[in-house]
Amino acid sequence: MEVEVIKGLKFQKKQDVAIVGAGMTSFKRRLNETGRELNYYAVRQALEEAGLTIDDVEIVVLGSAPDAFDGVHMKEEYLSDGAGGFDRPYMRYFVGGGTAVFAPIAGYFHVASGLADVCLVVCEEKMSSCHPHPQSAFKYIWDFFLDRPLKPNLIWIFALEMRRYMHVNNVKHEDIALVSVKNKANALDHPCSHVAEKITVEDVLNSEPMALPVRRLDVSPPSDGAAALVMVAAHKARHLTDEPVWVTGVGWSLDTTWWTNRDLYYPRYAAESAKMAYKMAHITDPRKQIDVVEPYDPFDYKELHHLEGLGFAKKGEAPILTKEGVTQRDGDLPVCPSGGLLGVGNPISAAMGVKACEIYWQLSYRAGKRQVAKEVSTGLCQAWGDLMQISTVMIMSNKR
Amino acid sequence: MIEKITDPEKLRHWGGKIELYWVYTSGKAGDLFFKKLKADGKFLAAKCKKCCWIYFPPRIYCPKDFSETEYLEVSGEGRVRAFTVARLDPYEKELKKPEIYALIDIDGTNGSIIHLLGEVNAEEVSIGMRVKPVLKPKEQMLGDLTDILYFKPI
Amino acid sequence: MAVGKRKIECPLYAEGTAVSEEDIKTRKVTHYEDHPDIRYSWTAGQAISRFLNGLKEGKILGVKCDGCKRIMVPPRMFCELCYKPIDGWVELKDTGTILTYSISYIDPDARPLPKPIVVALIQIDGASQNMAIMHLIGEIEPEKVYVGMRVKAVWKPENEREGSVTDIKYWKPLEG
Ligand SMILES: [Zn+2]
Ligand SMILES: [Zn+2]
């Protein structure tokens, strides 16, 4: 087999990897179910869609963000039984919000390497346990000498980044707010959604100020939830379905954690992660070759920021795509057709349900009311996290 | 070579506390369990519809085969499988009186629970000893594990 | 064969029982509340210790790397680009330029502040491009702050300084 080497990386796989099932719970501010129970709901749905039982699962990947949300130290142990981790190789992967796509990337390794033929990927978050507010947990990601004495709120980072993006590219808040309007409206068609609503740009601009330019409706709400994916080897996929969705490329990249030393207007980490995935998936012109995108949208400006980083628009030009309706569900490049984090909710790692799961459903034409108008063959999902410097990307295709 | 600070007084540190607290919901099965305990002083277990394993405390699913479960009532009595005598609290402070913690296999189930033993001296506890739960007065119950004060020998 | 094919709509179910703050407060939903007492002692390390000691003396210290020629702040013991020890310490100015800013209405626990505060990334004079620190801006109406504004540190009196980033009370506009 010919081995492709890119920046020292060898993209050699033993077998092709297909996704054959996905599931997710409702995303809500607070759910009564325990994390284990949420995992069970998501896994059961994914297995049902795949036509498999838990006995068919050979290996399990768990994705979950900081323990400080659930308030369970080493929560992968606690969560294992609802995730099907019982009696089989099981491991947690964690890169903050980036986990939403990194967990499926880890699942991909397990199958592509030939280690397993059936891998279950499960992501869970129960942010509501954390008090006085889920945002309080973020106090402990700040540098304790340089930042914490100033009593920062996590939103500050994003407000500073959003301002820089607006300033350098001369983008107006009303152009950014269109993203929130679009995603919250898309989420009306998502049965699991938390904050789907019909809103206007004025609603966003007049919503409660948090850390300007960021206002309440620019932000996705913290949520509880879980999601699951079933990833299998090609020879298994053949028996399970006529319409598997193939993973054709993965990539991830980390920028420096000296975040005050980066120019925040452009997400270099997103560009680097995309470069890796595009090489692997043989994509040279993402705007032409990719039909549907689920970039990470915890804030409205992040969708635009990420679209630029991922190469779907030139620097500063993603707002034009949004304004012209290109990123609507019936547009030429549907973006966040699920409703994204802004509309469905933001349970950090479990955002996999509206990122990787949604792209899978779109490419298998199972997204129901959310199905994009155009014919689709290739899609991209992306997540972002840690101290806002990691990006994780997965490209899928319904053609092998 | 960069000169380093060698005077430990000049090396800085910052003491702080994690100022978070957590509110854990009992979950779907847990909520039923604690509500039943609070309302009727009764204990719920859950039986797997497929492999018939009986979970205590109850769960909505069987982690082995992912089948659903059905609830059933059990007495809450059981046998001591293992026990330990604690002399320090979670912050390693001496307890006024040593506490006996036991792992108790609950009758009629495949499950067990960790709880305090009471009305008994450590020297008198033995593996296999039969015990039963002692509950708080109903009006003081909160719907959590402290509604069981301790288990005592039968 | 998999169920449903194109006809099925996913996700198959929306499961999960939403509960409200009120359900918790009134114990309509059973729960357990825990307030663990977890304490830490965070060490600052060589570079940040020296930086903090410098603040006590009213100085902002950076480091330089001869490899990439960068002058960096906050200081560090190694250059993450060249991946080698830094080549020396540099005293920077206590003036700078606002790269970006925010007007914050909330505290770390998302509770409203009594009055909004301005936080900014300030590129420090004497350091390389984009070498900024995060700090507060004062002595100006929040609406009048702009990207590119020149600012100067306002220090606490010497006897009140304790070797913390709060030894600088805030930064104020340089002109006017
Ligand atoms: Zn069973
Ligand atoms: Zn260097």
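Please refer to the structure higher up on the page.
Rules behind the numbers
- Residues numbered from 1 in each chain as written.
- Chains lettered and ligands numbered in written order.
- Predicted model: local features only at pLDDT ≥ 70, side-chain atom pairs only at ≥ 80, totals over all residues.
- Heavy atoms only, no water.
- Helix = DSSP H or I, 4+ residues; strand = E, 2+ residues; numbered from the N terminus.
- Rg over C-alpha atoms; globule rule 2.2 N^0.38 Å.
- Buried < 20%, exposed > 50% of the residue type's maximum accessible area, 1.4 Å probe, protein only.
- Contact = heavy atoms within 4.5 Å.
- Areas by Shrake-Rupley, 256 points an atom, 1.4 Å probe, with all protein chains shown as cover.
- Lys, Arg positive; Asp, Glu negative; His and termini not counted.
- Charge placed at Lys NZ, Arg CZ, Asp CG, Glu CD.
- Pairing = 2+ DSSP bridges.
- Donors = N, O, S within 2.8 Å, 3.2 Å for Na, K, Ca; no water.
- Tetrahedral: all angles 85-135°; square planar, octahedral: opposite > 155°, others 65-115°.
- Phe/Tyr/Trp six-rings, centres within 6.5 Å; stacked < 30°, edge-to-face > 60°.
- Axes fitted to C-alpha atoms, helices over the stretch in contact; angles between N-to-C directions.
- Parallel < 35°, antiparallel > 145°, perpendicular 65-115°, else oblique.
- Left-handed = near helix turned anticlockwise from the far one by under 90°.
- Nonpolar A, V, L, I, M, F, W, Y, C, P; charged D, E, K, R; others polar.
- Buried area = accessible area lost by both parts, 1.4 Å probe.
- Salt bridge = Lys/Arg side-chain N within 4 Å of Asp/Glu carboxyl O.
- Expected span 1.5 Å × (residues − 1).
- Core = buried A, V, L, I, M, F, W, Y, C linked by side-chain atoms within 4.5 Å.

### Some points on the overall build of chain B
Looking only at helices and strands, chain B features one helix and 10 strands. Mapped in sequence order, the helices and strands of chain B form the string β-β-α-β-β-β-β-β-β-β-β. Whereas a compact globule of 154 residues would reach a radius of gyration of roughly 15 Å, chain B reaches 22 Å, over 25% beyond that. A principal-axis box enclosing the C-alpha atoms of chain B has dimensions of 70 × 40 × 35 Å. Counting only residues that meet the buried cut, chain B has 40% of its 154 residues in that class. Of all intrachain contacts in chain B linking residues separated by at least 6 positions in sequence, the fraction that spans at least 24 positions is 47%. Carbon and sulfur atoms form 53% of the exposed surface of chain B, whose accessible area is close to 8,800 Å². Each charge class in chain B was averaged separately, 25 positive and 23 negative side chains, and the resulting centres sit 4 Å apart.

### As for the sheet that holds strand β7 (residues 88-92) of chain C
Residue and element names in this part refer to chain C. Strand order across the open sheet formed by three strands is β4-β3-β7, with antiparallel pairing between neighbours. Only two strands of the sheet have a single neighbouring strand rather than two, namely β4 (71-72) and β7. Note: strand β3 (residues 60-64) against β4, two bridges, orientation antiparallel. Bridge pairing in β4 places valine 63 opposite methionine 72.

### Details of the coordination of the zinc ion (ligand 2)
All names here are of chain C. For the zinc ion (ligand 2), the protein coordination sphere consists of Cys65 (SG), Cys68 (SG), Cys79 (SG) and Cys82 (SG), at 2.3 to 2.4 Å. Coordination at the zinc ion (ligand 2) is tetrahedral: its four donor atoms span angles of 106 to 115 degrees at the metal. Since its relative accessible area comes to 0%, cysteine 79 is described here as buried.

### Remarks on the coordination of the zinc ion (ligand 1)
Residues and elements named next belong to chain B. The coordination sphere of the zinc ion (ligand 1) contains the protein donors Cys48 (SG), Cys51 (SG), Cys62 (SG), Asp65 (OD) and Asp65 (OD), at a distance range of 2.2 to 2.8 Å. Between consecutive donors of the zinc ion (ligand 1), the numbers of intervening residues give the motif C-x2-C-x10-C-x2-D. We classify cysteine 48 as buried; its relative accessible area is 1%. In this structure cysteine 51 comes out as partly exposed when scored by relative accessible area, which is 36%.

### So, the packing of aromatic side chains
Within the structure shown, the criterion is met by 24 aromatic pairs over all chains. On the numbers, 5.3 Å between centres and 70 degrees between planes, the contact of phenylalanine 69 of chain A with phenylalanine 138 of chain A is edge-to-face. Pair noted here: phenylalanine 69 of chain A is in helix α2 (residues 67-70) and phenylalanine 138 of chain A is in the loop between β7 (130-131) and α5 (155-169), with a separation of 69 residues, a long-range link. Taken as a pair, phenylalanine 69 of chain A and phenylalanine 138 of chain A share a single burial class, namely buried. Centre to centre, the rings of phenylalanine 144 of chain A and tryptophan 42 of chain C are 5.3 Å apart; their planes meet at 20 degrees, and the pair counts as stacked. Of the two residues, phenylalanine 144 of chain A is situated in the loop between β7 and α5 and tryptophan 42 of chain C in strand β2 (residues 39-43); the pairing between them involves two chains. Classification of tryptophan 42 of chain C as buried rests on a relative accessible area of 12%.

### Things to note about the packing of helix α9 (residues 268-281) of chain A against helix α11 (residues 300-309) of chain A
Residue and element names in this part refer to chain A. Viewed as axis vectors pointing N to C, α9 and α11 meet at an angle of 45 degrees, and their least axial separation amounts to 8 Å. The angle between the axes of α9 and α11 places the two elements in the oblique class. Here the hand of the crossing between α9 and α11 comes out right-handed. Along its contact with α9, which presents Tyr269, Ala270 and Ala271, the element α11 presents Lys302, His305, His306 and Gly309. Broken down by class, the residue content of the contact of α9 with α11 amounts to three nonpolar, three polar and one charged.

### Side note on the interface of chain B and chain A
Contact residues are listed per partner, giving 27 residues for chain B and 35 residues for chain A. Summing both sides of the interface, chain B and chain A together bury roughly 2,500 Å²; the carbon and sulfur share of this comes to 60%. By the criterion of area lost to chain A, the three top residues of chain B are Trp14, Tyr61 and Phe66 of chain B, representing 28% of everything that side buries. Where chain B meets chain A, there are three salt bridges. Among the ionic pairs, arginine 44 of chain A bridges to glutamate 68 of chain B, the shortest N-O distance being 3.2 Å. Residue assignment for the side of chain B that touches chain A shows that the elements contributing at least two residues are β1 (13-17), β2 (21-25) and α1 (27-40) of chain B. A breakdown of the residues in the side of chain B that touches chain A according to their chemical character gives 12 nonpolar, six polar and nine charged.

### Some words on the side chain of threonine 327 of chain A
Counting through the fold element by element, threonine 327 of chain A comes out in the loop between α12 (318-323) and α13 (340-343). In this structure, threonine 327 of chain A is in contact with Lys182, Leu307, Leu321, Thr322, Leu333, Pro334 and Val335 of chain A, ignoring residues within four places of it in sequence.

### Here we look at helix α6 (residues 173-186) of chain A
Every α-helix winds through 3.6 residues per turn, so residues three or four apart in the chain are directed the same way. All names here are of chain A. Taking 1.5 Å of rise per residue, the 14 residues of α6 would be expected to cover 20 Å, and the 20 Å separating its terminal C-alpha atoms lies within 8% of that figure. Burial within α6 is extensive, with 12 of its 14 residues counted as buried. Listed in full, the buried residues belonging to α6 are His173, Asp175, Ile176, Ala177, Val179, Ser180, Val181, Lys182, Asn183, Lys184, Ala185 and Asn186. As for α6, its buried residues are in contact with α5, α7 (201-206), β9 (214-215), α11, α12 and α13.

### Some remarks on the pattern of salt bridges
Two side chains carrying opposite charge are able to pair once their charged atoms lie near each other. Taken as a whole, this structure holds 48 salt bridges over all chains when the rule is applied. Lysine 36 of chain B is the partner of glutamate 73 of chain B in a salt bridge, and the nearest nitrogen-oxygen pair spans 3.4 Å. Here glutamate 73 of chain B, found in strand β5 (residues 69-74), pairs with lysine 36 of chain B, found in helix α1; they are 37 residues apart in sequence, far enough to count as distant. Taking relative accessible area as the criterion, lysine 36 of chain B reaches 23% and is therefore assigned partly exposed. In the salt-bridge network here, residues are joined through shared partners; they are Lys139 of chain A, Glu19 of chain B together with Asp107, Asp109 and Arg111 of chain C.

### Considering the nonpolar core
Membership of the largest hydrophobic core comes to 164 residues, with the highest contact counts inside it found for Trp259, Met394 and Met396 of chain A together with Ile60 and Trp171 of chain C. Residue contacts for isoleucine 60 of chain C: discarding those within four places in its chain leaves Phe51, Leu55, Val73, Val90, Glu91, Leu92, Lys93, Asp94, Ile124, Trp155, Ile168 and Trp171 of chain C. In terms of nonpolar packing, the next biggest core, distinct from the first, is built from 33 residues, Ala18, Val20, Leu38 and Val230 of chain A among them.

### Quick word on α1 of chain B
Look at α1 of chain B: 19 Å from first C-alpha to last across 14 residues, which is about the 20 Å you get at 1.5 Å a residue. Buried residues of α1 of chain B: Gly27, Ala29, Gly30, Asp31, Phe33, Phe34 and Leu37 of chain B, and no others. Among the structural elements, α1 (35-50) of chain A together with β2, β3 (43-48), β5, β9 (130-135) and β10 (148-153) of chain B are those in contact with the buried residues of α1 of chain B. Following α1 of chain B by one or two positions, glycine 41 of chain B has its phi on the positive side, about 65 degrees.

Remember, this is a structural readout, not a statement about activity or role.
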